[in-house]
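Here are the chains, one letter per residue:
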Amino acid sequence: MVIKASCHCKATTFEVSQAPQTVTQCTCSFCSKRGSLWAYYTPSQFKLTSPRENVSFYLWGSKTVKHGFCATCGCGTFTETPDWSTGKPDFDNPKISVNSRLFDDFDLDKVEVVVIDGKNLW
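Residues numbered from 1 in each chain as written. Predicted model: local features only at pLDDT ≥ 70, side-chain atom pairs only at ≥ 80, totals over all residues. Heavy atoms only, no water.

The helix and strand tally for the protein chain stands at 2 helices and 10 strands. Element order for the protein chain, N to C, with α for helix and β for strand: β-β-β-α-β-β-β-β-β-β-β-α. Whereas a compact globule of 122 residues would reach a radius of gyration of roughly 14 Å, the protein chain reaches 14 Å, a difference of no more than 12%. Judged by the C-alpha coordinates and their principal axes, the protein chain covers about 35 × 30 × 30 Å. Of all 122 residues assigned to the protein chain, the portion counted as buried reaches 39%. For the protein chain, the share of sequence-separated contacts (at least 6 apart) that also reach a separation of at least 24 residues comes to 55%. Total accessible area on the protein chain is roughly 7200 Å²; 52% of this is exposed by carbon and sulfur atoms. (Helix = DSSP H or I, 4+ residues; strand = E, 2+ residues; numbered from the N terminus. Rg over C-alpha atoms; globule rule 2.2 N^0.38 Å. Buried < 20%, exposed > 50% of the residue type's maximum accessible area, 1.4 Å probe, protein only. Contact = heavy atoms within 4.5 Å. Areas by Shrake-Rupley, 256 points an atom, 1.4 Å probe, with all protein chains shown as cover.)

The next subject is the pattern of salt bridges. Where charged atoms from two side chains of opposite charge approach closely, those side chains can pair. Counted by the stated rule, this structure contains 3 salt bridges. Here Glu80 makes a salt bridge to Lys66, at a shortest N to O gap of 3.6 Å. Of the two residues, Glu80 is situated in strand S8 (residues 76–83) and Lys66 in strand S7 (residues 66–70); the sequence distance between them amounts to 14 residues. When its relative accessible area of 29% is taken as the criterion, Lys66 is described as partly exposed. (Salt bridge = Lys/Arg side-chain N within 4 Å of Asp/Glu carboxyl O.)

With 17 residues, the main nonpolar core has Phe14, Val16, Phe46, Val98 and Phe103 as its most contacted residues. Every element with two or more residues in this core is listed here: strand S1 (3–6), strand S2 (13–16), strand S4 (38–41) and strand S9 (90–99). Ignoring anything within four residues of it in the chain, the contact list for Phe14 reads Ile3, Lys4, Ala5, Phe46, Lys47, Leu48, Thr49, Thr77, Val98, Asn99, Leu102 and Phe103. (Core = buried A, V, L, I, M, F, W, Y, C linked by side-chain atoms within 4.5 Å.)

What follows concerns the packing of aromatic side chains. The way to describe two aromatic rings as a pair is by their centre distance and the angle between their planes. Applying the stated criterion across every chain, the model contains 6 aromatic pairs. Where Phe103 meets Phe106, the ring centres are 5.4 Å apart and the plane angle is 85°; that geometry is what we call edge-to-face. Residue class for Phe103 comes out buried when judged on its relative accessible area of 8%. Members of the aromatic cluster, connected to one another through ring pairs, are Phe14, Phe46, Phe57 and Phe78. (Phe/Tyr/Trp six-rings, centres within 6.5 Å; stacked < 30°, edge-to-face > 60°.)

With antiparallel pairing, the 3 strands of this open sheet are ordered in space as S1-S2-S5. Of all the strands in the sheet, just S1 and strand S5 (46–48) have a single pairing partner and so form its edges. On average, each strand axis in the sheet is inclined to that of its neighbour by 20°, with strand direction left out of account. Bridge analysis of S1 against S2 gives 4 bridges, and the strand direction is antiparallel. Paired with Ser6 across the bridge in S2 is Thr13. (Pairing = 2+ DSSP bridges. Axes fitted to C-alpha atoms, helices over the stretch in contact; angles between N-to-C directions.)

Next up, the structure:
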């Protein structure tokens, strides 16, 4: 089941290969201000369908996570990140986290929200 997504102005579009089982609400300073609900995918499960130059990136803190946003309207779109499941960055196992609030024609209310205490973890 391919799910399509778009920013507010539709200049940045992408799709993922399956619906998320859960989405993550992170309480860190960046995510809480952004308001995203993150769904995680491998790079092969994610496809940017608009030109890459339509996306700008913000690197914060350790500069290991590339936070993407639409260069036109500013909506937070996706991140390119190493796997952090062990608490340390695993660059050999990259992940793409997508802002699931941008999914088109998808009922996000039916997906469980998992809260991560990023405010106190990092």
